[in-house]
Amino acid sequence: MTEPAYDLIIRGGRVATATDVFEADIAIAGETVAAVGRGLGPAKRELDAREKLVLPGGVDSHCHIEQLSAAGIMNADSFESATTSAAFGGTTTVISFAAQHVGMHLREVLDDYHALARKGAVIDYAFHMIIADPTRQTLEQDLPALIRQGHGSIKIFMTYDPLKIDDEPLLDILVAAREGGAMLCAHAENHGIISWMVKRLLARGYSDPKYHAISHARFSEAEAFNRLIGMAALVDQPIMIFHVSTAEGAKVIRDARGQGLKVFAETCPQYLFLTADDLDRPGVEGAKWMCSPPPRRGSDQDALWTALSLGDLQTISSDHAPYRFDETGKLRAGPAPNFKQVANGLPGLETRLPLLFDAMVSEGRLGLEKFVELTSTAPAKIYNLHPRKGSIAVGADADIAIWDPKRRVTIADDAMHDRAGYTPYAGRTVRGWPITVLSRGRVIVDDGKLLASPGSGRFLARSGGEAAKPTGRLVADMNPETNFGAKLL
Ligand code: URP
Ligand code: ZN
Ligand code: ZN
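Throughout, a residue's number is its position along its own chain's written sequence, starting from 1. Lettering for chains starts from A, numbering for ligands starts from 1, and both go in the order in which the items are written. Side-chain atom pairs in this predicted model are given and counted only at pLDDT of 80 or more, local residue features only at pLDDT of at least 70, and totals for whole chains, interfaces and linings cover all residues. Side-chain metrics rest on all non-hydrogen atoms present in the structure, leaving aside hydrogens and water.

A. Representation of the sheet that holds strand 7 (residues 91–99) within the structure. Here, a strand pair is defined by DSSP locating no fewer than two bridges between the strands. Each helix is a run of H or I in the DSSP string that is no shorter than four residues. Each strand is a run of E no shorter than two, and both are numbered from the N terminus. Pairing is parallel across the open sheet formed by eight strands, whose spatial order is 6-7-8-9-10-11-12-13. For this open sheet the edge positions go to strand 6 (58–63) and strand 13 (315–316), each flanked by a neighbour on one side alone. Pairing of strand 6 with strand 7 involves four bridges; the strand directions are parallel. Bridge assignment links Cys 63 to a residue of strand 7, and that residue is Ser 96.

B. Inspection of the environment of His 216 at higher detail. Mapped onto the elements, His 216 comes out in the loop between helix 6 (210–215) and helix 7 (218–235). Think of it in three bands: with a 1.4 Å probe and only protein chains considered, a residue is buried below 20% of the maximum accessible area for its type, exposed above 50%, and partly exposed in between. We classify His 216 as buried; its relative accessible area is 6%. Residues His 216 and His 191, 25 residues apart in the sequence, show an inter-C-alpha distance of 9.2 Å. Here, two residues are considered to be in contact whenever any of their heavy atoms come within 4.5 Å of each other. With residues near it in sequence (within four places) discarded, His 216 still touches Glu 189, Ile 194, Ser 292, Pro 293, Pro 294 and Arg 296.

C. Summary view of helix 11 (residues 352–362). Most of helix 11 sits out of view: ten of its eleven residues are buried. If you check which residues of helix 11 are buried, you get Arg 352, Leu 353, Pro 354, Leu 355, Leu 356, Phe 357, Asp 358, Ala 359, Met 360 and Ser 362. Gly 364 sits one or two positions beyond helix 11 and adopts a positive phi of about 85°.

D. Quick peek at the site of ligand 1. Around ligand 1 there are 13 residues in total, and Tyr 160, His 187, Ser 292, Asp 319 and Asn 344 lie nearest to it. Any pair of nitrogen or oxygen atoms within 3.5 Å is treated as a polar contact; in protein, a donor-acceptor pairing is required on top of that, and neighbouring residues in sequence qualify only through side-chain atoms on both sides. With respect to ligand 1, the side chain of His 187 contributes an N or O atom lying 3.0 Å from an oxygen atom. Here ligand 1 occupies the largest pocket. The residue makeup of the shell around ligand 1, split by class, is four nonpolar, seven polar and two charged. We call a residue near a molecule or strand whenever a single non-hydrogen atom of that residue lies within 4 Å of it. Using only the protein atoms, space was sampled on a 1 Å grid; points where a 1.4 Å probe fits but cannot get out form cavities, open sets with protein on both sides within 12 Å along at least five of seven lines form pockets, and lining residues are those with an atom within 4 Å of a point. Whether a molecule lies in a cavity or pocket depends on its atoms, and more than half of them have to be within 2 Å of the grid points. In this classification, Asp, Glu, Lys and Arg are treated as charged, Ala, Val, Leu, Ile, Met, Phe, Trp, Tyr, Cys and Pro as nonpolar, and every other residue, Gly included, as polar.

E. Just the coordination of the zinc ion (ligand 2), in detail. Protein coordination at the zinc ion (ligand 2): the donors are His 187 (ND1) and His 243 (NE2), at 2.1 Å from the metal. With four donor atoms in place around the zinc ion (ligand 2) and angles of 56 to 138° between them, the coordination shape is irregular. In this analysis a donor is any N, O or S atom within 2.8 Å of a metal ion (3.2 Å for sodium, potassium and calcium), and since water is not included, sites may seem incomplete. Between the zinc ion (ligand 2) and the zinc ion (ligand 3) there is a metal-metal distance of 3.6 Å. Here the residue His 187 occupies a position in strand 10 (residues 183–187), and His 243 occupies one in the loop between strand 11 (239–241) and helix 8 (247–258), the gap between them amounting to 56 residues. When four donors show all angles between 85 and 135 degrees the site is tetrahedral, when four or six donors have opposite pairs over 155 degrees and all other angles between 65 and 115 it is square planar or octahedral respectively, and in every other case it is irregular.

F. Highlighting the coordination of the zinc ion (ligand 3). Distances from the zinc ion (ligand 3) to its protein donors, His 62 (NE2), His 64 (NE2) and Asp 319 (OD), fall within 1.9 to 2.1 Å. Its four donor atoms give the zinc ion (ligand 3) angles of 86 to 137° at the centre, a pattern that matches the irregular case. Read in sequence order, the donor residues coordinating the zinc ion (ligand 3) give the pattern H-x1-H-x254-D.

G. Region of interest: empty space enclosed by the protein. Grid points are joined across faces, edges and corners, and a volume is the space filled by probe spheres set on the points. Counted according to the given criterion, the structure contains four cavities of 30 Å³ or more. By volume, the largest cavity amounts to about 80 Å³. Taken together, 13 residues make up the lining of the largest cavity; nearest its centre are Ala 232, Ala 233, Gln 237, Leu 261 and Lys 262. Among the elements that line the lining of the largest cavity, the one with the most residues is helix 7, at three residues. Here the residues of the lining of the largest cavity are counted per class, giving eight nonpolar, two polar and three charged.

H. Focus on the layout of surface pockets. Each pocket or cavity is described by its volume, and for the largest pocket that value is around 750 Å³. Contributing to the lining of the largest pocket are 42 residues, with Ala 70, Ala 71, Tyr 160, Lys 340 and Asn 344 lying nearest its centre. Residue assignment for the lining of the largest pocket shows that the elements contributing at least two residues are strand 9 (153–157), helix 5 (191–203) and helix 6. Looking at the lining of the largest pocket residue by residue, the class counts come to 19 nonpolar, 17 polar and six charged.

I. A look at the state of the cysteines. A pair of cysteine sulfur atoms is labelled a disulfide when the two atoms are within 2.5 Å. Counted under the stated rule, the structure contains zero disulfides. Unpaired in this structure, Cys 185 has its nearest cysteine sulfur neighbour in Cys 63, at a distance of 12 Å. A residue is classified by how much of its surface remains accessible, and Cys 185, at 0% relative accessible area, is buried. Free cysteine: Cys 291, not disulfide-bonded; nearest cysteine sulfur from Cys 268 at 8.0 Å. The exposure class assigned to Cys 291 is buried, which follows from its relative accessible area of 2%.

By themselves these figures say nothing about function.
In structure tokens form, the structure reads like this:
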């Protein structure tokens, strides 16, 4: 008897990519998709996908895993727990951070995060390198080598006291990113405005979690976006602006893209499904909903959905940053902290796709192809993981989530697989849930059971790729005759 040609066939499902929805079988040989068609076979094993949707696994391009916060608090997840929760939520690739703090050697930081991920990850992963200490050693020695070794993106903070990068070093980092061909990602908020607001609020006795939202004045976002975009244009470096939360912020990005600048941007479920009112709960309870930037207003949610539909924002990531609601996390300063003492961040790796599927597919807002694009294909393309990740195509890694579009699930704290101990979305009922998840052809989640072992995820080395390439136009120079900007690079 001859051996079957394929290891696995996913039979009879409705397959969706960022551009098409069609009925097909997916045949997998080894770790990759070998064929997409009808009546494929035979295979050693089959999964029945009739009445189901067969989607590329999610790519979550912004999540904090085993990372120390700005205030020195270790977040609640290990690579094992975070990537397990990602897998249960239909995500098969994460880009998390290797976070330098002041005084640390970037190379050692990378070594440490690699060791943690190698030990624990159950899905594939890549790293953005956070630069908090842009010394000559970091920018001239370590960074270029680390980019060449497959870390094609850098992240900086424009706020958070020990981590923030001021304008002048930021220009140095933008140039270093340009020289290495890496994407520059940023948490962009005006530090001075926030810190002034915090001091004034606390001095006047406004210390509950809801004042966190007020301290991050809306304008602090648009101002920092404008400044960052101006600096990036000055040196012609592509940028990715993280977690856009306001209508004004989205407009700044739309205008910049309209001028031909290479500006990419993301938002997150917390800015589409939560508002500042969620922080306004009795006592310190609202701390569970505290993240930066904070959730805003219903009108901002509408503006962000519009920006997603128009392509002004290209991706939706989780910004998973889990802290337990106890003395190890949110309440580390005691049971009644002021808002400034509470670690910023929400868990969200597992709920990102189900919340968005419910809104976009079940409720029909923007539709299935756009759901796949925003949550899988676009992040894979922007961070140069495509075509290996982010689609279902012959030759791509067989990272696939089979969704039951009819399954109703009420999100609950104790159903989550991360270690935050709560979810900001508890009590919401969503329609549509990923029931079987494959990573490189292996079934890693099946009907509520984890089948992958820690350490089975792999590092995805990548260069900055197409998205990170300069435009070749020094737009801020404004004078093609002198082109003086080019002389300074
Ligand atoms: O509140 C958040 N988002 N915490 C994680 C760190 C960051 O700002 O991205
Ligand atoms: Zn951030
Ligand atoms: Zn973040």
